[in-house]
Amino acid sequence: RGFALSDLTAETGTEPAKTPQQRLLQAMNEPLPVTDLGVSARADFLETETDDKKVSLTVYFDGDRFQYREQDQRNAFELEILYVVYDSSGKQVEGISAHVQGNLSQDRLTQAKTRGYRFSRRLTLQPGVYQVRVGVSEEGTDRMGTATAWVDVPELAQNKLEMSSLILTNPLDIDTVDAEGIDVSKLEQIKMVQGIPLFERGDSFDYSFRIYQGKLDFAKPGLEWMQELFQ
């Protein structure tokens, strides 16, 4: 029926020191995100012909918050990326840790600080509702960033249409711009807040989605869709 403030502020004293990965897991389980590092995540239902997986997980993190180490006239950094997937009952169904290293020239560092980084994985998930919790920690420091994302994986049934997640992208935010002679360091990164891309007035963007028709056989599909754009 109540609590005393001293219960929250009492020091444990006997609690053993946690490893960096344990501290990252603890931060991921907090109700509010940790923002020492700018991290956003999104999980999209999307089936493709290239694999049998159903969900695309994309993690974005800002490139101007890391403490780059100068090494042989280059800029080095190390990160641990951890993501855990829970189903609607709270049961963990997947958990992966990835170690990422970077060794950038000065030009690439400028680009990275402007556009940030993107980490992608394809996930195998059964139909249902899932929460993905993501944590990024910087090696050698206690700085971390966390984010969460939700995804609904439908069950593709006979005689029923299903739609993939709606994917929003900026046509300028592609990896081939270097080859086209464009200075990518001058391109502005799309701002991501908890996996939601925010566009300014006058920005351009692409949207895409897929329609799954199950076992329906359309001689003349006659599909119709309506689009609405809200602020």
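On a predicted model such as this, the values are computed, not experimentally measured, just so you know.

What about the overall build of the chain?
And then number 1: A count of helices and strands for the chain gives 3 helices and 14 strands.
And then number 2: For the chain, contacts bridging at least 24 residues in sequence account for 71% of all contacts bridging at least 6.

Digging into the packing of aromatic side chains
By convention here, two paired aromatic rings are described through the distance between centres and the angle between planes.
And then number 1: Under the counting rule described, the total for this entry stands at 7 aromatic pairs.
And then number 2: Judged by centre distance (6.1 Å) and plane angle (75°), the rings of phenylalanine 61 and phenylalanine 66 are edge-to-face.
And then number 3: Classification of phenylalanine 66 as buried rests on a relative accessible area of 7%.
And then number 4: Consider the rings of phenylalanine 209 and tryptophan 225, whose centres lie 5.8 Å apart with planes at 90°: the pair is edge-to-face. Placement of the pair is phenylalanine 209 in the loop between β13 (206-208) and β14 (211-212) and tryptophan 225 in the segment after β14, with a sequence separation of 16 residues.
And then number 5: By relative accessible area, tryptophan 225 is classed as exposed at 62%.

Some points on the environment of glycine 63
And then number 1: Along the polypeptide, glycine 63 turns up in the loop between β2 (55-61) and β3 (69-71).
And then number 2: Here the alpha-carbon distance between glycine 63 and threonine 110, two residues 47 residues apart in the chain, equals 9.1 Å.

Re the nonpolar core
A general feature of soluble globular proteins is that nonpolar side chains tend to end up buried together.
And then number 1: Core analysis: the biggest nonpolar cluster contains 33 residues, and Val59, Phe61, Tyr68, Tyr83 and Tyr117 have the highest contact counts within it.
And then number 2: Examining the composition of this core, we find that 5 residues originate from one element, strand β4 (residues 74-87), more than from any other.
And then number 3: Apart from residues no more than four positions distant in its own chain, tyrosine 68 is found in contact with Gly63, Asn75, Ala76, Phe77, Leu104, Leu109, Ala112, Lys113 and Tyr117.
And then number 4: Ranked by size, the runner-up nonpolar core spans 8 residues in total, among them Ala27, Met28, Val34 and Met144.

Details of the environment of valine 84
And then number 1: Tracing the sequence through the fold places valine 84 in strand β4.
And then number 2: In this structure valine 84 comes out as buried when scored by relative accessible area, which is 5%.
And then number 3: Separated by 47 residues in the primary sequence, valine 84 and glutamine 131 place their C-alpha atoms 8.4 Å from one another.

Here's the deal with the sheet that holds strand β6 (residues 117-123)
And then number 1: Within the open sheet, the 3 strands sit side by side as β1-β2-β6. Their pairing is antiparallel. What marks the edges here is a single partner per strand, and that holds for β1 (39-45) and β6. Taken over all neighbouring pairs, the strand axes of this sheet differ in orientation by 15° on average, direction set aside.
And then number 2: As paired strands, β2 and β6 are joined by 7 bridges and run antiparallel to one another. Along β6, the bridge assignment pairs phenylalanine 61 with tyrosine 117.

Some words on the confidence of the model for the chain
And then number 1: Per-residue confidence for the chain gives a mean pLDDT of 78, with 78% of residues at or over 70.
And then number 2: The low-confidence segment residues 174-188 (pLDDT under 50) makes 18 contacts with residues lying over four places distant or belonging to another chain.

Considerations on the pattern of salt bridges
And then number 1: Summed over the entire model, instances satisfying the criterion amount to 7 salt bridges.
And then number 2: Aspartate 142 is paired through a salt bridge with arginine 23; the nearest N and O atoms lie 3.3 Å apart. Of the two residues, aspartate 142 sits in the loop between β7 (128-138) and β8 (144-153) while arginine 23 sits in helix α2 (residues 20-28), which places them 119 residues apart along the sequence.
And then number 3: Note that aspartate 51 is salt-bridged to arginine 122, the shortest N-O span being 3.0 Å.

Looking at α2
Every α-helix carries 3.6 residues per turn, so stepping three or four residues along brings you back to the same face.
And then number 1: Burial in α2 covers these residues: Leu24, Ala27 and Met28. Considered in projection along α2, the buried side chains sweep an arc of 100° and stay on one side of the axis.
And then number 2: Buried-residue contacts for α2 involve β4, β7 and β8.

Overview of the pairing of strand β5 (residues 92-104)
And then number 1: Here β4 runs beside β5; their pairing, made up of 12 bridges, is antiparallel. Looking at the pairing, asparagine 75 lines up with leucine 104 of β5.
And then number 2: Hairpin geometry of β4 and β5 is characterised by an intervening segment of 4 residues between the two adjacent antiparallel strands and by a positive phi of about 90° at glycine 90.

Side note on the side chain of glutamate 47
And then number 1: Along the chain, glutamate 47 turns up in the loop between β1 and β2.
And then number 2: A relative accessible area of 19% means that glutamate 47 is categorised as buried.
And then number 3: Polar contacts involving the side chain of glutamate 47 include one to the side chain of lysine 54, which spans 2.6 Å.
And then number 4: Not counting the four nearest positions on each side in its chain, glutamate 47 is found in contact with Lys53, Lys54, Arg122, Leu156, Arg210 and Tyr212.

Parameters at a glance
- Residues numbered from 1 in each chain as written.
- Predicted model: local features only at pLDDT ≥ 70, side-chain atom pairs only at ≥ 80, totals over all residues.
- Heavy atoms only, no water.
- Helix = DSSP H or I, 4+ residues; strand = E, 2+ residues; numbered from the N terminus.
- Contact = heavy atoms within 4.5 Å.
- Phe/Tyr/Trp six-rings, centres within 6.5 Å; stacked < 30°, edge-to-face > 60°.
- Buried < 20%, exposed > 50% of the residue type's maximum accessible area, 1.4 Å probe, protein only.
- Core = buried A, V, L, I, M, F, W, Y, C linked by side-chain atoms within 4.5 Å.
- Pairing = 2+ DSSP bridges.
- Axes fitted to C-alpha atoms, helices over the stretch in contact; angles between N-to-C directions.
- pLDDT = per-residue confidence, 0-100.
- Salt bridge = Lys/Arg side-chain N within 4 Å of Asp/Glu carboxyl O.
- Arc of directions from axis to C-beta.
- Polar contact = N/O pair within 3.5 Å; in protein donor to acceptor, adjacent residues only side chain to side chain.

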